[in-house]
Amino acid sequence: MNEEQNRRENSDEVEIDLLPLLKALWKGAWLIVTAALLAGSIFYLGTKAFITPTYQASFTAYVNNRTASTESTSTLTSSDLTAAKSLVYTYVQILTGRTVLESAAAEAGVDYTYTEMSEYVSADVVDDTEIIEVTVTVDSPETALALAEAMADITPGYISEIVEGSSMQIIDAPVLPTSIYSPNYLRNAVIGAFLGAVLAAAAIVLRELLDDTVKDEQEIEKRFGVSVVGVIPDLASVDKQGYGYGYGYGQKRKGGAE
């Protein structure tokens, strides 16, 4: 008997009953929802108040290792395509170099330094092709468009001068951005709401796990392996009419006779 009781007690030490936790979460659902709404609102308003929105303007260009005059006199071969692919990363480095960036800033009429321009302008190869996408990300849609247009105007001629026998044609010209690129207000609000709900739920679960009070007869039987033979009533509990209940003496009116 003692061995069985010890085994039960050892098992109870590591067992976590999920039903009380679920009941506690359900009872505190209002707190979880309130925390989610509050945190989501804080994240949304904080994003609008403290984070400057940015806008993007971009253009795509096709580059190869043949000039326009050469293309008019001969056909394009596979070796030309291979050479263009091998040179495309060289073009990317040229596009993001000091000369192009400072020239673009001057043509767009902005006083950005080379360091600032290198943060605002990016150039990437599209899916391992000979196509390059140049993107400008700044805090003004008009400035983003002006810089992207300046880059698109400067780079074709500059590429032809640097890489002999090459050419660059603009595929998609930049357009004025009409929406914010970053931040995403809705996403930040959802993240805030999620974090608020998780923290509130964690607080409820932690409080339930740390609560070692005995709440009913079933918990006594489960935790200690003994049966309840009697219950002492709560004498402080009195109904609104002033009636209390004794032990086998029937009802007794307060201040009156038995």
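Conventions used here
- Residues numbered from 1 in each chain as written.
- Predicted model: local features only at pLDDT ≥ 70, side-chain atom pairs only at ≥ 80, totals over all residues.
- Heavy atoms only, no water.
- Phe/Tyr/Trp six-rings, centres within 6.5 Å; stacked < 30°, edge-to-face > 60°.
- Buried < 20%, exposed > 50% of the residue type's maximum accessible area, 1.4 Å probe, protein only.
- Lys NZ or Arg CZ within 6 Å of the ring centre and 35° of its normal.
- Salt bridge = Lys/Arg side-chain N within 4 Å of Asp/Glu carboxyl O.
- Helix = DSSP H or I, 4+ residues; strand = E, 2+ residues; numbered from the N terminus.
- Expected span 1.5 Å × (residues − 1).
- Arc of directions from axis to C-beta.
- Patch = residues over 30% accessible without salt bridge, like charges linked within 9 Å, V, L, I, M, F, W, Y side chains within 5 Å.
- Areas by Shrake-Rupley, 256 points an atom, 1.4 Å probe, with all protein chains shown as cover.

Peer 1: Run through the packing of aromatic side chains, naming residues and quoting values.
Peer 2: For any two aromatic rings, the description comes down to two numbers: the centre-to-centre distance and the angle of the planes. Scanning the entire structure with this criterion turns up two aromatic pairs. Ring geometry for Tyr112 and Tyr120: centres 4.9 Å apart, planes at 70 degrees, overall edge-to-face. When its relative accessible area of 22% is taken as the criterion, Tyr120 is described as partly exposed. If you follow Lys48 out to its NZ or CZ, it ends over the ring of Tyr185, 4.6 Å from the centre.

Peer 1: Describe the pattern of salt bridges, listing the residues and the values that go with them.
Peer 2: Applying the stated criterion across every chain, the model contains one salt bridge. Two residues, Arg98 and Glu102, come together in a salt bridge whose shortest N-O distance is 3.2 Å. Of this pair, Arg98 and Glu102 both sit in helix α6 (residues 98-108), four residues apart, roughly one helical turn. For Arg98, a relative accessible area of 47% puts it in the partly exposed group.

Peer 1: Please set out unusual backbone geometry residue by residue, giving values where relevant.
Peer 2: Cis geometry is adopted by the peptide bond preceding Pro183, which originates at Ser182 and carries an omega value of 5 degrees. With respect to the helices and strands, the residue Pro183 is situated in the loop between β4 (167-172) and α9 (185-210).

Peer 1: Run through helix α3 (residues 29-50), naming residues and quoting values.
Peer 2: Its 22 residues place the ends of α3 31 Å apart at the C-alpha level, agreeing with the 32 Å of an ideal helix rising 1.5 Å per residue. The complete set of buried residues in α3 reads Ile32, Ala35, Ala36, Ala39, Gly40 and Thr47. Mapping the buried residues of α3 onto a view down its axis gives an arc of 125 degrees, with all of them on the same face. Opposite the buried face of α3, by more than 90 degrees, sit the exposed residues Trp30, Leu37, Leu38, Ile42, Leu45 and Ala49.

Peer 1: Quick rundown of a nonpolar patch on the surface? Include the residues and the values.
Peer 2: A cluster of nonpolar side chains, Leu38, Ile42, Phe43, Ile191, Phe194, Leu195 and Val198, forms an exposed patch at the surface whose accessible area comes to about 650 Å². Where the nonpolar patch is concerned, the elements lending two or more residues are α3 and α9. When residues of the nonpolar patch are assigned to their parent elements, the largest contribution, four residues, is made by α9. Tracing the backbone shows Ile191 in helix α9.

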